[in-house]
Amino acid sequence: MEELCAKSADDDTDLQEKIARFLEDRNIDTVTGIRRMGRDNLVDYVASKSNDSGRTCSIFPDISSNDIIIFRQWHGLEDDMRELRARKPSLDILFGQDLCHQVPAVVRYK
């Protein structure tokens, strides 16, 4: 993973806390990253934090996890997400998204 473009060490701590809450509470729809962090970096970071917390996580096209699967983006992959939901209803499916002002997000597929 590339180095994060954080203003201070506090930004990384805040991000870790936001990701931990997002992963623990499936009612939270989105977690945003640090500006200019990049979508792929945020997806990798969320996957890493998930695995660190004891939940298995894989990044599509690897669908081996029974806990969390993250797609790097959603565009063109909606059918794959629907198929995964049908096959593994309890799976937490997430995807990366670029927001405005160069802010990345990871969104929960519902």
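Conventions we followed
Residues numbered from 1 in each chain as written. Predicted model: local features only at pLDDT ≥ 70, side-chain atom pairs only at ≥ 80, totals over all residues. Heavy atoms only, no water. Helix = DSSP H or I, 4+ residues; strand = E, 2+ residues; numbered from the N terminus. Rg over C-alpha atoms; globule rule 2.2 N^0.38 Å. Contact = heavy atoms within 4.5 Å. Polar contact = N/O pair within 3.5 Å; in protein donor to acceptor, adjacent residues only side chain to side chain.

*Asks:* Report on the overall build of the chain, specifying residues and quantitative values.
*Replies:* Broken down by element type, the chain carries 3 helices and 5 strands. What you see for the chain is a C-alpha radius of gyration of 13 Å, in line with the 13 Å of a compact globule of 110 residues. Projecting the C-alpha coordinates of the chain onto the three principal axes gives extents of approximately 40 × 30 × 25 Å. For the chain, restricting intrachain contacts to residue pairs at least 6 apart in sequence, the fraction spanning at least 24 positions comes to 50%.

*Asks:* Explain the environment of Asp-62 to me, and be specific about the residues and the numbers.
*Replies:* By secondary structure assignment, the location of Asp-62 is in the loop between strand 2 (57-59) and strand 3 (68-71). A polar atom in the side chain of Asp-62 sits 2.7 Å from the side chain of Ser-64.

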